[in-house]
Amino acid sequence: MTILDHPPPPCRPSPSPGPWVAAMMAVSLLLAGIYTVLFALMGRTVDAVLDGGDFALWLGLSVAAVCALMAADTLDDFMGKMAEARSTAWLRHTLLGHVLRLGPRAARRFTAGDLVSRLVGNSARTGRVASTLVWALMDLVPPLGAIVALALIDPWLCLTFLVGLPVVLAVVRTFIRDASGINERYFDAQGQVAARLVDALSGIRTITAAGTVDREVRRVLGPLPELRRHGYGMWGALARVSSREALAIPLLEVAVLAVAGLELARGRITPGQMLAAGEYVVLATGISSLVASANRLALARTCRSRGVRGFCTASSTSTASSGAM
């Protein structure tokens, strides 16, 4: 009995980056917290200077927060890349083991080029799921903290922002929906090109002897127009969300700043709080980071669907066939 006679092991689709994700979450949370508190410290510093009081303490805290922010940001990037590297290595070893255990059945289920595309390109992007998910969640902390800060400065500032928030959320939701479908079709076309290229390279001597090089080139590049169309579609989705962001975000910021100006004129907030409110509304409308995180998650989800679930389906089918026999 050979190894090919045994059914493949259960498929575990989730990458295991080890303790790096937990440490990364802690550092990312610290980074988000410092970033949120920084603007309040700056506002207190301005108020202390204008009141003629002792501003050395608040200025020192602001400088310390900036230094801590730089250190935490560097450490967060390092831990994120380590988690991605370990996840990708684990995932590739696991999927390669499934392919070897499937044996000839893998060749019937997937072409050689498609296997290479899934094991190399798709697994690399799937390995980023853990770090991307952590960063996506942590990207929500500063905007949420900024909304709370606006409420603490003046409830009318928070209410003004919340009125326009559904527009921002609708932009992100639409982008995620469009990007997921486009990515799926893009990688399908990319897999077809890779499969045809590997087939052509395996029969290169026959192609050369028969003088059909030009025909093979046209055959290999046949899905290229479709690939280009889906690539343009992705850029079109990014352009649409950018144009909507360029319209919605400044209007929301102007509305909140206008209310803050009125509250300052009435004496309900201080100049330092006005400064902090201006920074917090920009932080609360950080749709750029949310869109980037949504784009990475949509891409990783598509790659996971192609690279991991495809092998899981093949393994389940092979196991059922073995049991029936």
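Definitions and cut-offs
Residues numbered from 1 in each chain as written. Predicted model: local features only at pLDDT ≥ 70, side-chain atom pairs only at ≥ 80, totals over all residues. Heavy atoms only, no water. Phe/Tyr/Trp six-rings, centres within 6.5 Å; stacked < 30°, edge-to-face > 60°. Helix = DSSP H or I, 4+ residues; strand = E, 2+ residues; numbered from the N terminus. Buried < 20%, exposed > 50% of the residue type's maximum accessible area, 1.4 Å probe, protein only. Patch = residues over 30% accessible without salt bridge, like charges linked within 9 Å, V, L, I, M, F, W, Y side chains within 5 Å. Areas by Shrake-Rupley, 256 points an atom, 1.4 Å probe, with all protein chains shown as cover. Salt bridge = Lys/Arg side-chain N within 4 Å of Asp/Glu carboxyl O. Axes fitted to C-alpha atoms, helices over the stretch in contact; angles between N-to-C directions. Parallel < 35°, antiparallel > 145°, perpendicular 65-115°, else oblique. Left-handed = near helix turned anticlockwise from the far one by under 90°. Contact = heavy atoms within 4.5 Å. Nonpolar A, V, L, I, M, F, W, Y, C, P; charged D, E, K, R; others polar. pLDDT = per-residue confidence, 0-100. Core = buried A, V, L, I, M, F, W, Y, C linked by side-chain atoms within 4.5 Å. Expected span 1.5 Å × (residues − 1).

Caption draft 1: Examining the packing of aromatic side chains more closely. In the structure shown here, the tally under the stated rule is 2 aromatic pairs. The interplanar angle of 90 degrees and the centroid separation of 5.6 Å between the aromatic rings of Phe-39 and Tyr-280 together place this pair among those described as edge-to-face. Highlighted residues: Phe-39 in helix H1 (residues 20–51) and Tyr-280 in helix H10 (residues 271–284), separated in sequence by 241 residues. By relative accessible area, which is 3% here, Tyr-280 ends up buried.

Caption draft 2: Broad picture of a nonpolar patch on the surface. A contiguous nonpolar surface patch, about 330 Å² in accessible area, is contributed by Val-49, Phe-55, Leu-59 and Val-63. By the element assignment, Val-63 lies in helix H2 (residues 56–102).

Caption draft 3: Examining the packing of H1 against helix H5 (residues 129–153) more closely. Packing of H1 against H5 leaves a shortest axis separation of 9 Å and a crossing angle of 20 degrees. One finds that H1 runs roughly parallel with respect to H5. Our pair here, H1 against H5, has a crossing hand that is right-handed. Residues Val-21, Met-24, Met-25, Ser-28, Leu-29, Ala-32, Tyr-35 and Thr-36 of H1 pack against Ala-130, Ser-131, Val-134, Trp-135, Met-138, Val-141, Pro-142, Gly-145 and Ala-146 of H5. In terms of residue class, the contact of H1 with H5 is made up of 13 nonpolar, 4 polar and no charged.

Caption draft 4: Local environment of the side chain of Glu-263. Summarising the element assignment, Glu-263 is placed in helix H9 (residues 224–265). On the accessibility criterion, Glu-263 (3% relative accessible area) is buried. Contact partners of Glu-263, with chain neighbours within four places excluded, come to Asp-154, Trp-156, Arg-268 and Ile-269.

Caption draft 5: Representation of the confidence of the model for the protein in the model. Confidence in the prediction for the protein averages 76 pLDDT; 74% of positions are at 70 or higher. Here helix H11 (residues 287–324) stands out as the element of the protein with the lowest mean pLDDT, 52, in contrast to H10, whose mean of 90 is the highest. Contacts for the low-pLDDT stretch residues 1–15, under 50 throughout, to residues beyond four places or in other chains number 30 contacts. Note that residues 317–325 has pLDDT below 50 and, in this model, 5 contacts with residues that lie over four places away or in other chains.

Caption draft 6: Fine view of the nonpolar core. Of all hydrophobic cores here, the largest spans 23 residues; its most connected members are Ile-147, Leu-150, Ile-153, Leu-157, Phe-161 and Tyr-280. Elements that contribute at least two residues to this core include exactly H5, helix H6 (155–202), H9 and H10. At 6 residues, H10 tops the list of elements feeding residues into this core. Each residue touching Tyr-280, except ones within four places of it in the same chain, is listed here: Thr-36, Val-37, Phe-39, Ala-40, Ala-146, Ala-149, Leu-150 and Ile-153.

Caption draft 7: Up close: the environment of Ile-204. Residue placement: Ile-204 occurs in helix H7 (residues 204–210). Taking relative accessible area as the criterion, Ile-204 reaches 44% and is therefore assigned partly exposed.

Caption draft 8: Representation of the environment of Leu-57 within the structure. Here Leu-57 is to be found in helix H2. Considering only alpha carbons, one finds Leu-57 and Leu-41, 16 residues apart in sequence, at a separation of 9.9 Å.

Caption draft 9: Spatial organisation of the packing of H1 against H10. It is the contact of H1 with H10, at a shortest axis distance of 7 Å, that shows an interaxial angle of 160 degrees. Regarding the angle of H1 to H10, the classification is roughly antiparallel. The handedness of the crossing between H1 and H10 comes out as right-handed. On H10, the residues touching Tyr-35, Thr-36, Val-37, Phe-39, Ala-40, Met-42, Gly-43, Val-46, Asp-47 and Leu-50 of H1 are Pro-271, Gly-272, Gln-273, Leu-275, Ala-276, Glu-279, Tyr-280 and Leu-283. Taken together, the residues of the contact of H1 with H10 break down into 12 nonpolar, 4 polar and 2 charged.

Caption draft 10: Structural view of H9. For H9, spanning 42 residues, the distance from its first C-alpha to its last is 61 Å, which sits close to the expected 62 Å at 1.5 Å a residue. Taken from the residues just after H9, Gly-267 is the one with a positive phi, measuring 80 degrees.

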